[in-house]
Structures are given as C-alpha cells and as structure tokens.
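# A structural walkthrough
Read off the chains here:
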Amino acid sequence: MPYHEFECSKCIPERKKHAVVKGPGETLADALPLGYLNTIPGTISERGCAYCGAKHVIGTPMKDVIHMSHGPVGCTYDTWQTKRYISDNDNFQLKYTYATDMKEKHIVFGAEKLLKQNIIEAFKAFPKIKRMTLYQTCASALIGDDINAIADEVMEELPDVDIFVCNSPGFGGPSQSGGHHKINIAWINQKVGNVEPKITSDYVINYVGEYNIQGDQEVMVDYFKRMGIQVLSTFTGNGSYDDLRAMHRAHLNVLECARSAEYICNELRQRYGTPRLDIDGFGFEPLSASLRKVAMFFGIEERAEAIIAEETARWQPELDWYKERLKGKRVCLWPGGSKLWHWAHVIHAEMGVDVVSVYTKFGHQGDMEKGIARCEEGALAIDDPNELEGLEAMYNLKPDVIFTGKRPGEVAKKIRVPYLNAHAYHNGPYKGFEGWVRFARDIYNAIYSPIHKLAYLDISKDEIATDKGFETRQ
Ligand code: CFM
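What comes next is a walk through the structure.

What counts, and where the lines are drawn
Residues numbered from 1 in each chain as written. Predicted model: local features only at pLDDT ≥ 70, side-chain atom pairs only at ≥ 80, totals over all residues. Heavy atoms only, no water. Buried < 20%, exposed > 50% of the residue type's maximum accessible area, 1.4 Å probe, protein only. Helix = DSSP H or I, 4+ residues; strand = E, 2+ residues; numbered from the N terminus. Arc of directions from axis to C-beta. Contact = heavy atoms within 4.5 Å. Core = buried A, V, L, I, M, F, W, Y, C linked by side-chain atoms within 4.5 Å. Patch = residues over 30% accessible without salt bridge, like charges linked within 9 Å, V, L, I, M, F, W, Y side chains within 5 Å. Areas by Shrake-Rupley, 256 points an atom, 1.4 Å probe, with all protein chains shown as cover. Salt bridge = Lys/Arg side-chain N within 4 Å of Asp/Glu carboxyl O. Pairing = 2+ DSSP bridges. Axes fitted to C-alpha atoms, helices over the stretch in contact; angles between N-to-C directions. Polar contact = N/O pair within 3.5 Å; in protein donor to acceptor, adjacent residues only side chain to side chain.

Let's shift gears to helix α7 (residues 147–157). Residues lying three or four places apart along an α-helix face the same way, a consequence of the helix completing one turn every 3.6 residues. Looking at α7, one finds that the buried residues are Ile147, Ile150, Ala151 and Val154. The arc enclosing the buried residues of α7, seen along the axis, measures out at 100°, which places them on a common side. Check the buried side of α7 and you find it contacts β2 (66–70), α5 (112–125), β4 (131–136) and β5 (162–166).

Right under this line is the structure:
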C-alpha cells in the first residue's frame, strides 16, 4: 500500500491519503497523494490563505505601486523580513506597508469611508507614485465593503492615478493557490490592453511567473538582453505596473512558475494568440535547455549557445567542487508549490544529493506528480503537511538538510537538522549559472558549518564543545 500513515495523525484518518512513499517500480497512478483540497480541520495546516497568494506572492513584487490592504493591520505582516522580492526601485514595494487598520467598530458600521481616506492619504504621502493595488481581506469582504466603487470614486477625483482592485479575500480558496488564480484573472480583465508599449526589438517577450527573489529576475533578464530580446514586462518580480498593462503586445510568454501564473498565460493565448513557453531558470541543464528553447522560437540559436558556453565554462568547475562534497547527502525538499519539481531531479543530477522526501503546501496533483517522478525511490511525498508530521518525518528520515520556509525551518533547527530557506533563499539569487553555484554553496555551508556542533550542546550538563565532541566543563 503506497499511502503512508503518520503516527501523529492517526487521530485524523482523512490525512492518510495525503502522504505516499514512492515504492520500487510503483506507478505514479497508484501513488499520488490527494492534493489541493480544503485543509482538514484540526491539522493546523501551514498554508497561506487566498489573500496571501494574491497579495504577498504575486501583487506586491510590482515595484512602483502602493499596495494597500483593506483590512486589519495584521494581514500585512508578511513583508520585509519574510519576503525578499527586491526591486531596482529602491525596494519601494517592500519598504512600505499599507493597511486601512480596520477595527471592531468598522465591522459594525462599515469601512468604506476609512478606505477612501487611506487611499488619498497614501497618494499624498508619496506624490511621485501614481499607481495602487487594493486588496480585499476576509474582514472587509465579509461586511460587503464595495472596494471597486471606492477605487472608481478616487480615480474620478484624482485623474492622474490608476488603481487595480484585487478581490481575493483569505477565504477565497483552499490555499494561496486560489489567490494566484484570482489575481491573474483580475489583472488581465482590468488592466491588460490599456497601455501601448514602445517596441525596440524583433524579439519581444513577457517574463511570467518570476518574482525576483533576491534578484532572480535580474539575472534571467540579463541573459535575455544579451540575446537581443526585449522583455516587455515581468509578471511580477521587479515588474512595473504600466509595463504589465502592455502584456498583450509580446510575441511570446516565457513562463517560469507554472503553478502561480499559468492562468494569465493561458488567457493571453486565448485572447491575443500569444504562445506560452515553459522554462526553468534553476540548474545548468534545465536553464541551458530553456535558453535554447526561447532562442529557437525566434531563430537566434547561436546567441543562446554563446551564453551557455561562456557561463558553463566559468561556473561548472565550482559546481563540481560542491557536487563532490554533497554526494549522497539526504535532502528533504519541502517548499510551498512548484519548487519541488523545479529542483527535485536537477539537485540530484548536478549536486549529487538524494531527495528523500518532497512536500508541497498548496501544489495541485500535477505538481506532486512531477515532484514524485523526479525524486529518489523510497522518498516520502506529503501534501499540506502539519508541523507534527514534519517532525515525525525528520526523525524517521534523518536528513542532512531540509529546504523549506522560515517557520518549519526554525522547528527543524530545534531538533538539530540544518535548514535552507527554499522560499526567500539564504544567499541568493539561485537562478542562473552563478545562482546555482550560490545554492550549492549554501547547501554545503548548511551541512558542514561548525555552528551545528554548538546545537548539540546541553548547557544543563555544563558541557563544552571541543574538536573531539562534548566534554564536561572542568
Ligand atoms: Fe511559484 Fe514562487 Fe513556488 Fe509560489 Fe510561494 Fe515563492 Fe514557493 Mo514561497 S510563486 S509556487 S506561492 S515558485 S512564495 S516565489 S517560494 S511557496 S515554491
């Protein structure tokens, strides 16, 4: 039986079908865990909500915009210290956080006036910024505040500003993935086609599903520019609001994270006939294949080959140095969504590590299928895990390192398992040839850092760490 039952979740029998072990020779059809369902009450899921997926993942990376949440101030918590989608606009989108700060009295009497006052105040405080995104939250959606009407009123009173309204309250889907979908569709419905861009090349793309985590977008855009390609917009990392209104004029949508942004690509294909090409910026081989595919579309293959040859010659020896030292290390690959399949096979092939477990917090079954197909036999695959399941898995699998987010990462440290931040990275960017070497270096440091010796120190026994292990203090 491929399903895996956690000891700690025996009291929640519905959880059983959310984890499987990839047995030898097993077909994927027998072994897919259930996915993208409502979280089972009582399991203390670690997912984000639909508002989080819309605002904190896709909306906020837009750089020249005031991002206003209409709701309690706590909804805006996820910002500077957890999100690292930097921009070349002095990180304006990360430095400032805006909320209308709804309180109980607004729930009773409504908060539309409060919202309008906040929008006008925010534009006054930053007179150079003329664009805003407005996010619905559970609190304002439940009382029925009409944020579209307020946005229209403000745009009439201040004709030089433009406001995008995102109706994706926290309860608008089983996880952040529901919010990805909603904001994709809202953007194309409200904004695409409103601006005509200046075309400067025969090769024009939108770079989609790329959020510039620690500079990923800038690395990739540099390759495209070296190939003579004009990147009309990036959806949305380091992206500009008005560039994204001109997405309809690209010749090709180059899609990086299919989990979060395939919806807008599919709509652009239907409405404007723009083809979609899925690529992968992680790992020498997938990245080289991706650059080749984009080049082949435009018939400029030799330009891609030149970049691949130059970058590989520069970085391959460093990657190999790390591969030598990381060979056979056991990894739990526990990101939120699509990174399980972006990374699963290539970290084994190019860095030598073995993937002993994959999980996804909100991925769909297709994501899990690709992830399981690419990880090692015997690996444990978990959908929407809770904290106790993560702990049990680490005790059983004894990984050398786990790649995950901050919250489960801190839990792992407590049981002395090193963790690497798969979401915001430690010392990124991780995309691009140099980025991939940075990733390998971070894994190496996570595993081999002498700091982990200190983690074994039991200060209640008055021990000290020495080169030979632990000794009682004299
Ligand atoms: Fe796509 Fe992302 Fe991811 Fe995602 Fe995310 Fe992220 Fe992630 Mo954190 S858009 S699915 S909702 S690659 S924020 S940049 S790292 S969980 S695996």
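Attention shifts here to the nonpolar core. By size, the foremost hydrophobic cluster in this structure holds 92 residues, and its most contacted members are Trp343, Ile347 and Phe403. With 8 residues, helix α18 (residues 432–448) is the largest single contributor of residues to this core. For Ile347, the residues in contact, after removing those within four places along its chain, are Val331, Leu333, Gly352, Val353, Val355, Phe403, Trp436 and Phe439.

Let us look at a nonpolar patch on the surface. Residues Ile107, Val108 and Phe109 make up a contiguous nonpolar surface patch of about 360 Å² in total accessible area. Mapped onto the elements, Ile107 comes out in helix α4 (residues 104–109). Given a relative accessible area of 40%, Ile107 falls into the partly exposed group.

On to the pairing of β2. Most of β2 sits inside the fold, with 5 of its 5 residues counted as buried. Pairing geometry for β2 and β4, over 5 bridges, is parallel. Within the sheet, the bridge partner assigned to His67 lies in β4 and is Thr133. In this structure, β2 lies alongside strand β3 (residues 98–99), joined through 2 bridges in parallel fashion. Within the sheet, the bridge partner assigned to Ser69 lies in β3 and is Ala99.

Turning our eyes to something else, we now look at the sheet that holds β2. Read from one edge of the open sheet, 4 strands run β3-β2-β4-β5, paired in parallel fashion. Each edge of the open sheet carries a strand with a single partner, namely β3 and β5. Here β4 pairs with β5 via 5 bridges, running parallel. The residue bridging Tyr135 from the neighbouring strand is Cys166, located in β5. Helix α2 (residues 50–59) rests against β2, β4 and β5 of the sheet, and its axis sits at about 155° to β4. Sitting on the sheet, helix α8 (residues 176–190) is in contact with β4 and β5, with an inclination near 145° to β5.

Our next topic: the side chain of Gln214. With respect to the secondary-structure elements, Gln214 resides in the loop between β6 (204–210) and α9 (216–226). In terms of polar contacts, Gln214 uses its side chain to reach the backbone amide nitrogen of Gly428, at 2.5 Å. Ignoring any residue separated from it by four or fewer positions in sequence, one finds Gln214 in contact with Arg84, Ile86, Ala424, Tyr425, His426, Asn427, Gly428 and Pro429.

By themselves, these figures tell us nothing about what the structure is for.
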